[in-house]
Amino acid sequence: MVPTTTLLRTGAVRTLRPVSRSTVALARSARVTGRQFSSSQRSLCANCANKSCARHNNTSNRVRSSASTIANTAAVKGSNVAKAAAAYATAAGPAIPTEQWAQVLEEKGGKVQYKKIPVPKPGPDEVLINIKYSGVCHTDLHAVNGDWPLDVKLPLVGGHEGAGVVVARGELVHDVEIGDHVGIKWLNGSCMSCEQCRQSNESLCAEAALSGYTVDGSFQQYAIGKAAHVARIPKECDLAAVAPILCAGLTVYKALKSSGARPGQYVTIAGAGGGLGSYAIQYAKAMGLHVIALDGGDEKRESCLKLGADTFVDFKTSKDTVAEIRAASGGAGPDAVLLLAASEKPFQEASQYVKSKGTIVCVGLPANAFVKAPVFDTVVREINIKGSYVGNRQDTAEALDFFRQGFIKAPYKIVGLTELQKVYDLMQEGKVTGRYVVDTSK
Ligand SMILES: NC(=O)c1ccc[n+]([C@@H]2O[C@H](COP(=O)([O-])OP(=O)(O)OC[C@H]3O[C@@H](n4cnc5c(N)ncnc54)[C@H](O)[C@@H]3O)[C@@H](O)[C@H]2O)c1
Ligand SMILES: [Zn+2]
Ligand SMILES: [Zn+2]
């Protein structure tokens, strides 16, 4: 064991308690940044919806737009030449290679392999995205381990927090331009016509395609997304910093909304030092909540308090987490609990400390786990227990807007896509604080 450096978004390098050599190696190779965006980078076109803005009126974009217009017009005419032009509206866009680097999982429980694979072509209602950065979520590790009761595509390119630039689009896509910044999120596509889709519960669609699970995701340089579902990323947002919003940020933002917690109330966040947890602290603070962070170890304590948590409870050293959480919320217990950990214990404990009439939101997905609550308490204390699963397209837009406004500055560490396996190894050991983001160019 040797001392390591833990690099947080501030860019400060601090010596913390000893951790394993793999942490050291990864930390050394990580390019660390917490920069969201500088004011000079803010463009005039807030989210590039304004097609008459200066950015859209530059020559190259005019050429690209006219290329796609020709392609779309041609598609309507239906000639063979026209169809060929329409199928791949890249005329003035960047050259698209036929091969690319990707991390591929060949077998359940195996190691990911960094190798060259073909660049996919978008279908009529899809876009091809040059992925620049992708966050690494614990869900990606569940996919590798195959520990959920849901089949994984094999071979698989994982990843569902991919931020990049549109380089090609199918002939039915009219509202995403080549050059737009978009994100691959967990929900890659859904049928858009079933009852759940009609009610904006797209993640509950029986036909849902899941990025990096049932379809290839963002641990590759070029990924496909359904145009209707890709996240629209404002151009002023740094693509590395915004990547974790596409799952971690979106998921915890929606879960906080589902909890019904109001400004001034208390929320306990279990798993607060991890990826989802770090973002949950920031969203909760931006919503005016008091935050009680629950996680283990000094590195996570320091990170949670730095991100704005009012109290930290250490599940590894506390003699009575229930009593500590109650005390931190003034005795009555927190109004809301977000269960974000990938372990079962917090799911068994939350009903003991949540306030009467409070809400427990289950988000983490530990394998083979159960939620436990005494029926008597649940009834006479009117405890609400619910699940929350990512978010819909509107939740995505709202979560991104919190980020765009500068409220969300959780720590992330950038490493090359080549180092994905090392990130999985650290995550398996519970040693990831905040989020790792992979750079697909390295
Ligand atoms: N519901 C959804 O839509 C959704 C979306 C994304 C991720 N997830 C799931 O959420 C879980 C967390 O994902 P992540 O990327 O944040 O993982 P992560 O590994 O980054 O963080 C998990 C955190 O939980 C902490 N933890 C472990 N045991 C604990 C305990 N007993 N008490 C308190 N904290 C404990 C760990 O120390 C770690 O900091 C995963 O199971 C993932 O699959 C669900
Ligand atoms: Zn995720
Ligand atoms: Zn549907």
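Everything discussed here concerns the structure shown above.
Everything in this summary refers to the structure shown in the same document. (Residues numbered from 1 in each chain as written. Chains lettered and ligands numbered in written order. Predicted model: local features only at pLDDT ≥ 70, side-chain atom pairs only at ≥ 80, totals over all residues. Heavy atoms only, no water.)

Now for the nonpolar core. V242, I245, V267, I269, Y279 and Y283 are the most contacted members of the largest nonpolar core, which has 53 residues in total. Here this core spans two domains, and each of domain 2 (99–247 + 405–439) and domain 3 (249–387) adds at least three residues to it. When residues no more than four places from it in sequence are discounted, the contact partners of I269 are G277, A280, I281, A284, V291, I292, A293, L294, L338 and L340. A143, A208, Y213 and L417 belong to the second largest nonpolar core, which has 31 residues in total. (Core = buried A, V, L, I, M, F, W, Y, C linked by side-chain atoms within 4.5 Å. Buried < 20%, exposed > 50% of the residue type's maximum accessible area, 1.4 Å probe, protein only. Domains from an automatic or database assignment. Contact = heavy atoms within 4.5 Å.)

Okay, the coordination of the zinc ion (ligand 3) next. Protein coordination at the zinc ion (ligand 3) comes from C191 (SG), C194 (SG), C197 (SG) and C205 (SG), with a distance range of 2.3 to 2.4 Å. Coordination geometry of the zinc ion (ligand 3): the four donor atoms subtend angles of 105 to 117° at the metal centre, consistent with an arrangement described as tetrahedral. Taken in chain order, the donor set of the zinc ion (ligand 3) reads C-x2-C-x2-C-x7-C. As far as the burial class goes, C197 and C205 line up, both buried. (Donors = N, O, S within 2.8 Å, 3.2 Å for Na, K, Ca; no water. Tetrahedral: all angles 85-135°; square planar, octahedral: opposite > 155°, others 65-115°.)

Further remarks concern the environment of E106. Within the element layout of this structure, E106 appears in the loop between strand 4 (99–105) and strand 5 (112–118). Given the relative accessible area of 36%, E106 is considered partly exposed. As for E106 and V157, which are separated by 51 residues in sequence, their C-alpha atoms are 9.1 Å apart. In this structure, E106 is in contact with Q113, K115, L154 and P155, ignoring residues within four places of it in sequence. At 2.6 Å, the side chain of E106 and the side chain of K115 are in polar contact. (Helix = DSSP H or I, 4+ residues; strand = E, 2+ residues; numbered from the N terminus. Polar contact = N/O pair within 3.5 Å; in protein donor to acceptor, adjacent residues only side chain to side chain.)

This brings us to the packing of aromatic side chains. Applying the stated rule across the entire model yields eight aromatic pairs. Measuring from centroid to centroid gives 4.7 Å for W101 and Y114, while their planes differ by 5°, and the two rings are stacked. Note that W101 is positioned in strand 4 and Y114 in strand 5, a separation of 13 residues in sequence. Relative accessible area serves as the criterion here: at 30%, Y114 is assigned to the partly exposed category. Ring geometry for Y253 and Y283: centres 5.7 Å apart, planes at 45°, overall tilted. Here Y253 is found in helix 7 (residues 248–259), whereas its partner Y283 is found in helix 8 (residues 275–286), with 30 residues between them in sequence. A relative accessible area of 5% means that Y253 is categorised as buried. (Phe/Tyr/Trp six-rings, centres within 6.5 Å; stacked < 30°, edge-to-face > 60°.)

Taken as a whole, the largest pocket encloses approximately 1,100 Å³ of empty space. H138, L340, A341, A342 and S343 are, among the 47 residues lining the largest pocket, the residues nearest its centre. Element by element, the count of residues in the lining of the largest pocket is highest for helix 4 (residues 138–145), at four residues. There are two domains that each give the lining of the largest pocket at least three residues, and those are domain 2 (99–247 + 405–439) and domain 3 (249–387). (1 Å grid on protein atoms, 1.4 Å probe; cavity = no way out; pocket = protein on both sides within 12 Å on 5 of 7 lines; lining within 4 Å. Points joined across faces, edges and corners; volume = space filled by probe spheres on them.)

This brings us to the coordination of the zinc ion (ligand 2). At the metal site, the zinc ion (ligand 2) is ligated by C137 (SG), H160 (NE2) and C247 (SG), and these contacts range over 2.0 to 2.3 Å. Going along the chain, you hit the donors of the zinc ion (ligand 2) in the pattern C-x22-H-x86-C. Within this pair, whereas H160 is found in the loop between helix 4 and strand 7 (162–169), its partner C247 is found in the loop between helix 6 (239–242) and helix 7, the two being separated by 87 residues in sequence.

The next point concerns the site of ligand 1. Not every one of the 30 residues close to ligand 1 is listed here, only the nearest: H138, T139, D295, V390 and R435. The side chain of T139 places a nitrogen or oxygen atom 2.7 Å from an oxygen atom of ligand 1. Within the contact set of ligand 1, a nitrogen atom lies 2.9 Å away from a backbone nitrogen or oxygen of S388. Protein chains bury 94% of the 870 Å² of accessible surface belonging to ligand 1 in isolation. Only helix 4, helix 8, strand 14 (290–295) and helix 11 (345–353) provide two or more residues apiece to the shell around ligand 1. When residues in the shell around ligand 1 are grouped by element, the largest group, three residues, is from helix 4. Class assignment of the residues belonging to the shell around ligand 1 gives a composition of 15 nonpolar, eleven polar and four charged. Counting residues domain by domain, the shell around ligand 1 receives three or more from each of domain 2 (99–247 + 405–439) and domain 3 (249–387). (Near = heavy atom within 4 Å. Areas by Shrake-Rupley, 256 points an atom, 1.4 Å probe, with all protein chains shown as cover. Nonpolar A, V, L, I, M, F, W, Y, C, P; charged D, E, K, R; others polar.)

Honestly, it's all geometry; don't read function into it.
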